[in-house]
Amino acid sequence: MEILGNLNVIGYGLAAIGPGIGVGIVFGLGNQAIARQPELRGPLQLNIYLGMALVEALAILGFVLAFALPYTSS
Amino acid sequence: MEILGNLNVIGYGLAAIGPGIGVGIVFGLGNQAIARQPELRGPLQLNIYLGMALVEALAILGFVLAFALPYTSS
Amino acid sequence: MEILGNLNVIGYGLAAIGPGIGVGIVFGLGNQAIARQPELRGPLQLNIYLGMALVEALAILGFVLAFALPYTSS
């Protein structure tokens, strides 16, 4: 078999697709909200951080899992 | 089997899909927010950099993982 | 088995999906921002270049990785 590699990397790669788009949406639309209502910058900023952390966590879970699950049966 | 290759490259490739779109959204919508509220350029710019860094990190994690996880059982 | 090929090429192909869309978003929305606030053309243009470079880099990393990671166990 000439295919090398570790499926765990594919697993992480898949886990990063959604959060990559999602965190981008959080910041992109969040900045637009701040520009629309500048006096609400404080609470909006907080919401951006909260949303970012929750979405980013999904990818980090995939990163942890890639190391946590065994990849050899030996 | 005549298929060669390393699955870790596929893993990174998947990990780059989301951040590729996400960083684009952060900059695209961020620029629009700056255009709407030019006097907020400073904090918005900062938010753009922060969002970019957090999203880009997800792809870099995939890049690191592609080297970190073993791809041969030998 | 008559299927030939190298999985690393698939890996790069996947890595090009996101940045392909992302750079498009950066330029598309960036140009709209310039059209909305023409007097900010300088800094917005700079932001477009910066965002483009950061997104494009993700695809280039996949290109590098396709050569860097071994695809034969010999």
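Residues numbered from 1 in each chain as written. Chains lettered and ligands numbered in written order. Predicted model: local features only at pLDDT ≥ 70, side-chain atom pairs only at ≥ 80, totals over all residues. Heavy atoms only, no water.

**Q** Quick one: what's the story with the interface of chain B and chain C, residue by residue and with numbers?
**A** Listed per partner, the contact involves 42 residues of chain B and 44 residues of chain C. Both faces considered, chain B and chain C share a buried interface measuring about 3,700 Å² in area, 74% of it formed by carbon and sulfur atoms. Summed over the shared surface of chain B and chain C, the result is 0 salt bridges. Counting across the interface, chain B meets chain C through 9 residue pairs in polar contact (both at pLDDT 80 or more). Where the side of chain B that touches chain C is concerned, the elements lending two or more residues are β1 (3-6), α1 (7-36) and α2 (41-68) of chain B. Among the residues forming the side of chain B that touches chain C, the class breakdown is 28 nonpolar, 10 polar and 4 charged. By the bridge criterion, 2 bridges tie β1 of chain B to strand β1 (residues 5-6) of chain C in an arrangement that is parallel. (Contact = heavy atoms within 4.5 Å. Buried area = accessible area lost by both parts, 1.4 Å probe. Salt bridge = Lys/Arg side-chain N within 4 Å of Asp/Glu carboxyl O. Polar contact = N/O pair within 3.5 Å; in protein donor to acceptor, adjacent residues only side chain to side chain. Helix = DSSP H or I, 4+ residues; strand = E, 2+ residues; numbered from the N terminus. Nonpolar A, V, L, I, M, F, W, Y, C, P; charged D, E, K, R; others polar. Pairing = 2+ DSSP bridges.)

**Q** For the packing of α1 of chain B against α2 of chain B, give the residues involved together with the corresponding values.
**A** Relative to each other, α1 of chain B and α2 of chain B sit at 175 degrees, their axes nearing to 8 Å. Relative to α2 of chain B, the element α1 of chain B is oriented roughly antiparallel. (Axes fitted to C-alpha atoms, helices over the stretch in contact; angles between N-to-C directions. Parallel < 35°, antiparallel > 145°, perpendicular 65-115°, else oblique.)

**Q** Please provide a residue-by-residue account of helix α1 (residues 7-36) of chain A, values included.
**A** All names here are of chain A. Spanning 30 residues, α1 covers 44 Å between terminal C-alpha atoms, matching the ideal 44 Å at 1.5 Å per step. Along α1, the helix axis deviates most sharply at Ala16, where the bend reaches about 25 degrees; the proline Pro19 sits within four residues downstream. At the N-terminal boundary of α1, the capping side chain belongs to Asn6, with an oxygen 3.0 Å from the backbone nitrogen of Asn8. (Expected span 1.5 Å × (residues − 1). Bend = angle between axes of the 7 residues up to and from the residue.)

**Q** If you had to explain the interface of chain B and chain A to someone new, which residues and values would you point to?
**A** Between chain B and chain A, the residue contacts involve 44 residues of the former and 42 residues of the latter. Counting each side, the surface lost to burial between chain B and chain A is near 3,700 Å², with a carbon and sulfur contribution of 74%. Linking chain B with chain A are 0 salt bridges. Our count for the contact surface shared by chain B and chain A stands at 9 residue pairs in polar contact (both at pLDDT 80 or more). Sorting the residues of the side of chain B that touches chain A by element identifies β1, α1 and α2 of chain B as the ones contributing at least two each. Counting residues per element, the side of chain B that touches chain A draws most heavily on α1 of chain B, which supplies 19 residues. The class makeup of the residues in the side of chain B that touches chain A is 30 nonpolar, 13 polar and 1 charged.

**Q** Explain the UniProt feature "domain: V-ATPase proteolipid subunit C-like" (unreviewed entry) in chain A residue by residue, including any values.
**A** Those residues carrying the UniProt feature "domain: V-ATPase proteolipid subunit C-like" (unreviewed entry) are residues 10-68 of chain A in this numbering. Segment residues 10-68 of chain A splits into 93% helix and 0% strand. End C-alpha atoms: 15 Å apart. (UniProt positions renumbered as here; feature names shortened; annotations may be inferred.)

**Q** Could you give me a rundown of the packing of α1 of chain A against α1 of chain B, with the residues and numbers involved?
**A** α1 of chain B packs onto α1 of chain A with a crossing angle of 0 degrees between their chain directions and a minimal axis gap of 7 Å. Considered as vectors, α1 of chain A and α1 of chain B are oriented roughly parallel to each other. Tallied by class, the residues present in the contact of α1 of chain A with α1 of chain B amount to 24 nonpolar, 12 polar and 2 charged.

**Q** Please provide a residue-by-residue account of the nonpolar core, values included.
**A** Among the nonpolar cores identified, the biggest contains 26 residues, and Phe27 of chain A, Val23, Phe27, Ile34 and Leu44 of chain B together with Leu44 of chain C are the most heavily contacted of them. Counting residues per element, the ones that place at least two in this core are α1 and α2 (41-68) of chain A, α1 and α2 of chain B together with α1 (7-36) and α2 (41-68) of chain C. Dropping the residues within four chain positions of it, Phe27 of chain A is found in contact with Ile48 and Met52 of chain A together with Val26, Asn47, Leu50, Gly51 and Leu54 of chain B. Core analysis: the second largest hydrophobic core is formed by 20 residues, Val9 and Leu69 of chain B together with Leu58 and Leu65 of chain C among them. (Core = buried A, V, L, I, M, F, W, Y, C linked by side-chain atoms within 4.5 Å. Buried < 20%, exposed > 50% of the residue type's maximum accessible area, 1.4 Å probe, protein only.)

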